[in-house]
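Tertiary structure, described
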Amino acid sequence: MSGPLTFLVASPHLQGEVFAGAVILLLEHDRKGALGLVVNAPMRQTVQDLLEGAAGQNRPAWLGGPVDPALGWCLYQQPVSLPGEVLLVPGLYMSSSMDVLTAVMAGGQEYMLVLGYSGWAAGQLEEEARTGTWVWVEQDTPELLWDVPHEQRWDDALRRLGVTPGTIMPGGAQA
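This text gives an overview of the structure that appears in the document. (Residues numbered from 1 in each chain as written. Predicted model: local features only at pLDDT ≥ 70, side-chain atom pairs only at ≥ 80, totals over all residues. Heavy atoms only, no water.)

1. As for the packing of aromatic side chains
- Taken as a whole and judged by the stated rule, the model has 4 aromatic pairs.
- Residues F19 and W134 carry aromatic rings whose centres are separated by 5.8 Å and whose planes lie at 85 degrees to one another, so their mutual orientation is edge-to-face. Taken as a pair, F19 in the loop between β1 (5–10) and β2 (23–30) and W134 in strand β10 (residues 134–139) lie far apart in primary sequence, 115 residues in all.
- A network of ring pairs unites the aromatic residues F19, W120 and W134 as a single cluster. (Phe/Tyr/Trp six-rings, centres within 6.5 Å; stacked < 30°, edge-to-face > 60°. Helix = DSSP H or I, 4+ residues; strand = E, 2+ residues; numbered from the N terminus.)

2. Re the nonpolar core
- One finds F7, L25, L75, L92, W134 and L145 to be the most contacted residues of the largest nonpolar core, which totals 39 residues.
- Among residues more than four places away in sequence, those in contact with L145 are F7, L25, V39, L75, L92, M112 and R153.
- If you look at the next biggest cluster of nonpolar residues, it comprises 14 residues, including V47, A61, C74 and V100. (Core = buried A, V, L, I, M, F, W, Y, C linked by side-chain atoms within 4.5 Å. Buried < 20%, exposed > 50% of the residue type's maximum accessible area, 1.4 Å probe, protein only. Contact = heavy atoms within 4.5 Å.)

3. Remarks on the layout of surface pockets
- In this structure, the largest pocket spans a volume of roughly 190 Å³.
- E17, V18, A20, G21, A22, V38, N40, A41, P42, M43 and L63 together form the lining of the largest pocket.
- Looking at side-chain class alone, the lining of the largest pocket contains 8 nonpolar, 2 polar and 1 charged residues. (1 Å grid on protein atoms, 1.4 Å probe; cavity = no way out; pocket = protein on both sides within 12 Å on 5 of 7 lines; lining within 4 Å. Points joined across faces, edges and corners; volume = space filled by probe spheres on them. Nonpolar A, V, L, I, M, F, W, Y, C, P; charged D, E, K, R; others polar.)

4. What to know about the pairing of strand β5 (residues 60–63)
- Here strand β4 (residues 42–46) pairs with β5 via 2 bridges, running antiparallel. Bridge pairing in β5 places T46 opposite P60.
- One ladder, built from 2 bridges, connects β5 with strand β9 (residues 111–121); its direction is parallel. Each residue of the ladder has a partner; that of W62, found in β9, is V114. (Pairing = 2+ DSSP bridges.)

Below is the structure:
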């Protein structure tokens, strides 16, 4: 991945159990569609609850979206130099490899285990953005993930654009 990180921030008017108040790290976006991970929705289960051999890993797992919740992604800060590791920006790596997750946990670094993902068909995300469903926030660094508590990420992401959440009107920009 090259360039800044893109976060999709749900409009205050977006309703629904999964996406209301969501902040999504966009991983792919092209003519065929888009894929991203919700990064502010901790689950009740901890990593230790979900993975055999993860004793002591009491941090929450995260719900990345409603698609394929059996698929896991690991977001983490420092490389572990194993196959399947992808550098998104300095300070943020991603992998779906269990070997990488095991190495990250053993190394004691900050990480997020994200289950499932959010996906859009060709043209769907563009239409949702056009109607004001999502606000796009680009960042060169991953501090929104590592330095901002999950319950503040939505407000913080909007404020990075100079937007006060209550001032966003429904309907988006239309000409």
